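Architecture and fold: a report
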Amino acid sequence: MAEVHTHEADDHESAYAGLLVNDAHWAFGTDFEDPLAGVDTTVPEGIEPATLAAYCLMLGDDALVLSQRLSEWCSRAPDLEEDIALANIALDLLGQARLLLARAAKADPSIVPALPDGSPVPDEDRLAFFRDDLQFRNVRLAEVPNGDFAQTIVRVLLFSSWRLAVFERLVRSRDSVLAAVAAKGIKEMAYHRDFAARWFLTLARGTEESRRRLVAGLDQLWPLWPELFETHALEREAAEAGVAVEPFEVSAEVQVVLAQVFAASGIDRPERGALAGIQGKKGRDGRHTEAFSLLVAELQVVARAHPRGQW
Amino acid sequence: MTSAVAGPELEAHFTATIEHADRIEPRDWMPDGYRRTLVRQVAQHAHSEIIGMQPEGAWIGRAPSLRRKAILLAKVQDEAGHGLYLYSAAETLGVSRNELTEMLISGKQKYSSIFNYPTLSYTDVGTIGWLVDGAAICNQVPLCRTSFGPYGRAMIRICKEESFHQRQGFELLMTMMRGTDEQRAMVQESVDRFWWPALMMFGPPDEDSTNTEQSMEWGIKTHTNDELRQRFVDMSVPQAKALGVTLPDPDLVWNEERGQHDFGQPDWDEFWSVVKGDGPCNAQRIAHRKQAWDEGAWVREAATAFAAAADEEKTA
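**So, the nonpolar core**
Ranked by size, the top nonpolar core spans 189 residues in total, and within it Tyr55(A), Phe200(A), Leu203(A), Tyr34(B) and Trp130(B) carry the most contacts. No other element matches the 17 residues that helix α3 (residues 80-107) of chain A contributes to this core. Non-local contacts of Tyr34(B), meaning those with residues more than four positions away in its chain, are made with Phe14(B), Ile18(B), Ile24(B), Ser147(B), Phe148(B), Trp218(B) and Ile220(B).

Printed below as a string of structure tokens:
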């Protein structure tokens, strides 16, 4: 350790002790270790690596993009407790995204964007920061702007109810990475759903204004909801190989959960049709909403300026 | 009010507690001036944590790796947590979080001026961690022994997390210094911008500091501004060397005789202009906080109404 000139030893030093030492106490580690270190990443038999990778991107991009949106609340929430809670949810999703993108890259290295020789950017970051917006496979529910707090609560409720049900089945995936991500994610998604359901009830029964805003937020997001239950051809293929969950399968149970929240809140299920795609293509095919390109631009701007950078 | 009816024994007991370096607790008698000073200082500290979320929070969306994004988001979240502890400590002195927030928004209470400087590059996240959190720690470690119990205890927890943040910031800069030439230039540029504002964080020179003497007598403050500034400089120099950056002060030199560094003075005119409200971001920071607070009003009202209705149902 470099010599520190101080004329007296007191508790100032404790705050600085070890600043120049690379020890094990840093959050998330100090090195760039593989997030999947120690996990069996062999692609299970009976599934195309490209299909497994696409499925991981779908789940990973959902998490990454919603995390990006939720972190926009940071320093803007109605009170400190909600600021902290929304950051927690964003952090959980970001953690899931990192593992899932790393898994996608490992399953099929050909999907990883090429960077200049010698670039130290790890694969999961190449996927997050160097893919074009049309290559993202997230559902559109994850990407639309936050709206107000009520709309954000509705989105977290819809998304977490769905993802929790998917993860509860995904723990039996033949892919050990997906199974592990799901097992860890179940606790997180249950917390997200609980947080959102409690606020849903509070806003529904709080004041006239909060109820009006909640109903408006629900109405706004409802057309994006059916997309989560549409089984994409690649999802079906992956599900048939015992690796993935067909989202259609979880529809009934998720609707029951929502019906309970709506009933307790005295809120009617909106009567709105599903948001159409473009020639039938939607988020899972890389066809997004207008707001998405801007989201991706913000996400990637610093990383793209430094393709050889290390962070 | 209390001082008028307080007997000399109460005051003697208070003074003795301070002299023994014991803690004053919320239910203990304390002079009005002590209470006022504490509310001002703890509130200002809480506001600094909350306003301090903005300059770094602005880069969460642009953090260039998933790992750095998580570190940054978690750090800014910690700042919200620090704000919570400190508002709670202030509440033990009889003032609510809502009142304090209103005073921040109306400009009646201040926050650390450092946050009126903008973050112009992602690198600033690292520099703020290293220099700004580092200076904050220098200021705050002695506060762990401050005379008011709830404040001192909050500070112990905060200092641990702050030193963690400082190390994360330093580690980001260190990693960037091992990267490309462009990245090294970014680190130097950012350090050039933040060095002087970091030195200003210790407040004006002792001869111009109006609050120091009484606060030291009461054990609220335990070191003078200039003492802490000197300590910060002495600690930062070897760190800068380890990083490979130059601190932008031509007068910075080791003084063998004093066993300390000699260094130049920040631009105190700029300091006072920022303190008085004319800094690059003063208006922006308050407008951001005010907007969040105003736009959240209906949510807080809904939560209050919901809780009141639930209480009614219980008693009915």
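Structure's up, so let's keep going.
**What about the interface of chain A and chain B?**
Facing the 72 residues of chain A at the interface are 74 residues of chain B. At the boundary of chain A with chain B, the tally comes to two salt bridges. With a shortest N-O distance of 2.6 Å, Arg97(B) and Glu81(A) are connected by a salt bridge. Scanning the region where chain A abuts chain B turns up 13 residue pairs in polar contact (both at pLDDT 80 or more). Sorting the residues of the side of chain A that touches chain B by element identifies α1 (12-16), α2 (49-71), α3, α4 (123-130), α5 (149-170), α6 (176-205), α7 (208-221) and α10 (290-305) of chain A as the ones contributing at least two each. At 11 residues, the largest contribution of residues to the side of chain A that touches chain B is made by α3(A). Residues belonging to the side of chain A that touches chain B are distributed by class as follows: 34 nonpolar, 19 polar and 19 charged.

**Describing empty space enclosed by the protein**
Tallying each qualifying case throughout the model produces four cavities of 30 Å³ or more. Put simply, the largest cavity is a space of about 90 Å³. What lines the largest cavity is simply Glu56(B), Arg68(B), Ile71(B), Leu72(B), Lys75(B), Tyr122(B), Val125(B), Gly129(B), His165(B), Gln168(B), Gly169(B) and Leu172(B). Elements that contribute at least two residues to the lining of the largest cavity include exactly α5 (66-91), α7 (123-140) and α8 (149-177) of chain B. Among the residues making up the lining of the largest cavity, the classes are represented as five nonpolar, four polar and three charged. In this structure, the second largest cavity occupies an estimated 60 Å³ of space. In terms of lining, the second largest cavity is formed by Ser75(A), Ala77(A), Asp79(A), Leu80(A), Asp83(A), Ile50(B), Met53(B), Gln54(B), His288(B) and Arg289(B). Secondary structure elements with two or more residues in the lining of the second largest cavity: α3 of chain A together with α4 (53-57) and α13 (282-295) of chain B. Of the residues that constitute the lining of the second largest cavity, the class distribution is four nonpolar, three polar and three charged.

**A closer look at the packing of α3(A) against α4(A)**
Residue and element names in this part refer to chain A. It is at 8 Å that the axes of α3 and α4 come closest, and there the two elements cross at 105°. Accordingly, the angle class assigned to the pair α3 and α4 is roughly perpendicular. Packed against α3, whose contacting residues are Arg 98, Leu 101, Ala 102, Ala 104 and Ala 105, the element α4 presents Asp 123, Glu 124, Leu 127 and Ala 128 at the interface. A class-by-class count of the residues in the contact of α3 with α4 yields six nonpolar, no polar and three charged.

What counts and how
Residues numbered from 1 in each chain as written. Chains lettered and ligands numbered in written order. Predicted model: local features only at pLDDT ≥ 70, side-chain atom pairs only at ≥ 80, totals over all residues. Heavy atoms only, no water. Core = buried A, V, L, I, M, F, W, Y, C linked by side-chain atoms within 4.5 Å. Buried < 20%, exposed > 50% of the residue type's maximum accessible area, 1.4 Å probe, protein only. Helix = DSSP H or I, 4+ residues; strand = E, 2+ residues; numbered from the N terminus. Contact = heavy atoms within 4.5 Å. Salt bridge = Lys/Arg side-chain N within 4 Å of Asp/Glu carboxyl O. Polar contact = N/O pair within 3.5 Å; in protein donor to acceptor, adjacent residues only side chain to side chain. Nonpolar A, V, L, I, M, F, W, Y, C, P; charged D, E, K, R; others polar. 1 Å grid on protein atoms, 1.4 Å probe; cavity = no way out; pocket = protein on both sides within 12 Å on 5 of 7 lines; lining within 4 Å. Points joined across faces, edges and corners; volume = space filled by probe spheres on them. Axes fitted to C-alpha atoms, helices over the stretch in contact; angles between N-to-C directions. Parallel < 35°, antiparallel > 145°, perpendicular 65-115°, else oblique.

Just distances and angles here, no functional claims.
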